[in-house]
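Per-entry structural report
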Amino acid sequence: QVRLVESGGGLVQPGGSLNLSCAASGSFFSLYNMGWHRQAPGKQRDLVAAIASDGTTTYVDSVKGRFTISRDNAKKTVYLRMTSLTPDDTAVYYCNAFRRREDYWGQGTQVTVSS
């Protein structure tokens, strides 16, 4: 069982930056693939970025060059560094841990980009 707790969301102006964190509890964190997803009002939840257990990263095209996903296995934490934020990045951001048939989600953290 893995429990995920996101933090770091908030209100930021366009062009600004935010750092999201997702702290995990449970064993074998390093074996899990980790992802950040987001869901805007009235839209489906979509993958934003992922980092595999071997450190390989994947990004959706709309955030490439602006967002950076990373992980610290010793701290059981995954991060999402977001820069050059636009109003289109406004959403609830969810952390996800997945491996084989296991799939865990955090409760989400709100990111609002507005002037």
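Attention here is on the structure that accompanies the text. Here the residue index of a chain counts from 1 through its sequence in written order. Reporting of local features is limited, given that this is a predicted model, to residues whose pLDDT is at least 70; pairs of side-chain atoms are given and counted only at 80 or more, and all residues count toward the totals for whole chains, interfaces and linings. No hydrogens and no water enter the side-chain calculation; it runs on all heavy atoms of the structure.

To continue, consider the environment of alanine 91. Mapped onto the elements of the fold, alanine 91 is located in strand E9 (residues 91-99). A relative accessible area of 3% means that alanine 91 is categorised as buried. Alanine 91 sits 53 residues away from arginine 38 along the chain, and the two C-alpha atoms are 5.8 Å apart. For this analysis, residues touch if any pair of their heavy atoms sits within 4.5 Å. Setting aside its immediate chain neighbours within four residues, alanine 91 contacts Arg38, Gln39, Ala40, Thr109, Gln110 and Val111. Where helices and strands are cited, they refer to DSSP runs of H or I of at least four residues and of E of at least two residues respectively, numbered from the N terminus. Burial status follows relative accessibility: with a 1.4 Å probe on protein chains alone, a residue under 20% of its type maximum counts as buried, one over 50% as exposed, and anything between as partly exposed.

A few words on the side chain of threonine 77. As for its position among the elements, threonine 77 is in strand E8 (residues 77-82). According to the relative accessible area criterion, threonine 77 is buried, its value standing at 9%. Two N or O atoms form a polar contact when they lie within 3.5 Å of each other; inside protein one atom must be a possible hydrogen donor and the other a possible acceptor, and for residues adjacent in sequence the pair counts only when both atoms belong to side chains. Looking at threonine 77, its side chain comes within polar contact range of the main-chain oxygen of lysine 75, at 2.9 Å. Non-local contacts of threonine 77, meaning those with residues more than four positions away in its chain, are made with Ser21, Cys22, Ala23, Phe29, Ser70, Arg71 and Asp72.

When its volume is computed, the largest pocket comes out at roughly 200 Å³. Lining the largest pocket we find 13 residues, and of these Arg38, Ala40, Lys43, Asp46 and Asp88 sit closest to its centre. The set of elements that each furnish at least two residues to the lining of the largest pocket consists of strand E4 (33-39) and strand E5 (46-51). Among the elements that make up the lining of the largest pocket, the one with the highest residue count is E5 (three residues). Ten residues, namely Ala, Val, Leu, Ile, Met, Phe, Trp, Tyr, Cys and Pro, are considered nonpolar, four, namely Asp, Glu, Lys and Arg, are considered charged, and the remaining ones, Gly among them, are considered polar. Class assignment of the residues belonging to the lining of the largest pocket gives a composition of five nonpolar, four polar and four charged. Space inside and on the surface of the protein is sampled on a 1 Å grid over the protein atoms alone, with a cavity defined as a set of points where a 1.4 Å probe fits but cannot get out and a pocket as an open set with protein on both sides within 12 Å along at least 5 of 7 lines; lining residues have an atom within 4 Å of a point. Grid points are joined across faces, edges and corners, and a volume is the space filled by probe spheres set on the points.

The next point concerns the nonpolar core. Here the nonpolar core consists of buried residues drawn from Ala, Val, Leu, Ile, Met, Phe, Trp, Tyr and Cys, with membership extended through side-chain atoms lying within 4.5 Å. By size, the foremost hydrophobic cluster in this structure holds 29 residues, and its most contacted members are Leu4, Met34, Trp36, Leu80, Met82 and Tyr93. Sequence-distant contacts of leucine 80, defined by excluding residues within four places in its chain, comprise Leu18, Asn19, Leu20, Trp36, Ala49, Phe67, Thr68, Ile69 and Tyr93.

For the rest of this paragraph, the subject is the pattern of salt bridges. One side-chain nitrogen of Lys or Arg within 4 Å of one carboxyl oxygen of Asp or Glu is enough to make a salt bridge. A full pass over the atoms with the stated rule returns four salt bridges. Lysine 64 is paired through a salt bridge with aspartate 61; the nearest N and O atoms lie 3.0 Å apart. Overall, aspartate 61 belongs to the exposed group, its relative accessible area being 60%. Aspartate 89 serves as the salt-bridge partner of arginine 66, at 2.8 Å between the closest nitrogen and oxygen.

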